[in-house]
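Single-letter residue listing:
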Amino acid sequence: MFETIAIIAVILALAIAVILILAATKPGTLRVTRAISIDAPAERVFPLINDFHQWTVWSPYENRDPDMKRIYSGAERGQGAVYAWDGNKNVGAGRMEILQSSAPSKIVIKLDFIKPFEGHNTAEFTMLPQGDATSVTWTMYGPAVFMSKVMQVFMNLDRMIGRDFEIGLANLKKLTEK
């Protein structure tokens, strides 16, 4: 009986060690980027991103918790606008603040996650004219804390977060191409 428990303990310790070693090999930064071409001028896309009140109509995260608490503060829109949320396990809790707003081409957002785990990132939206269309890019980057590296052993965060970005960009496309 004792031998069986000892074998299980050794196997478990080895599995944990392998996971920790694999996590240590993951990159120290996380970067997710997605882009889409929208058949509309940047002036039509920009206000939907630059005003956190508008995110409810396009952001893929807004419908995951119908009871999510939202707090808007600071500027009404653009630089200094702040949006904080607190929701269920699907959205967690956090805060965003627009640090830079250069109409109609770029928005930089400080993104702080509080729950389910702490994280500090930057999100950038760029809108570049391409003839009659606009190339819209959504990028999020920041340090990959060790817990994030452990998660990356089991899941592809680029694919997971990237799908959400793709949905949000597709929503912006539908809204602005009308």
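Residues numbered from 1 in each chain as written. Predicted model: local features only at pLDDT ≥ 70, side-chain atom pairs only at ≥ 80, totals over all residues. Heavy atoms only, no water.

Turning next to the environment of Gln100. Note on placement: Gln100 falls in strand 4 (residues 93-102). What makes Gln100 partly exposed here is its relative accessible area of 32%. The spatial distance from the C-alpha of Gln100 to the C-alpha of Thr176 is 22 Å, given a sequence separation of 76 residues. What Gln100 contacts, discounting residues up to four positions off in sequence, is Lys106, Ile107 and Val108. Of note is the side chain of Gln100, whose polar atom sits 3.3 Å from the side chain of Ser102. (Helix = DSSP H or I, 4+ residues; strand = E, 2+ residues; numbered from the N terminus. Buried < 20%, exposed > 50% of the residue type's maximum accessible area, 1.4 Å probe, protein only. Contact = heavy atoms within 4.5 Å. Polar contact = N/O pair within 3.5 Å; in protein donor to acceptor, adjacent residues only side chain to side chain.)

Here we come to the pattern of salt bridges. Inspection of every chain in the model, using the stated rule, returns 10 salt bridges. Put simply, Arg34 and Asp158 hold a salt bridge, and the shortest N to O gap is 3.1 Å. Placement of the pair is Arg34 in strand 1 (residues 29-38) and Asp158 in helix 4 (residues 157-176), with a sequence separation of 124 residues. Residue Asp158 is classed as partly exposed on the basis of its relative accessible area, which comes to 31%. One salt bridge in this structure joins Arg95 and Glu97, with 3.3 Å as the shortest N-O distance. Salt bridges sharing common partners tie together Arg34, Asp158 and Glu166. (Salt bridge = Lys/Arg side-chain N within 4 Å of Asp/Glu carboxyl O.)

With that settled, consider the pairing of strand 4. Here 5 bridges tie strand 3 (residues 81-86) to strand 4, and the two strands are oriented antiparallel to one another. Residue pairing in the sheet places Tyr83 in a bridge with Met96 of strand 4. Hairpin geometry of strand 3 and strand 4 is characterised by an intervening segment of 6 residues between the two adjacent antiparallel strands and by a positive phi of about 65° at Gly92. Direction of pairing for strand 4 relative to strand 5 (residues 106-115): antiparallel, over a ladder of 9 bridges. Paired with Ser102 across the bridge in strand 5 is Lys106. Adjacent in sequence and paired antiparallel, strand 4 and strand 5 are bridged by 3 residues. (Pairing = 2+ DSSP bridges.)

Moving on, we come to the environment of Lys69. When you line up the elements, Lys69 lands in strand 2 (residues 69-74). Non-local contacts of Lys69, meaning those with residues more than four positions away in its chain, are made with Ala84, Trp85 and Asp86.

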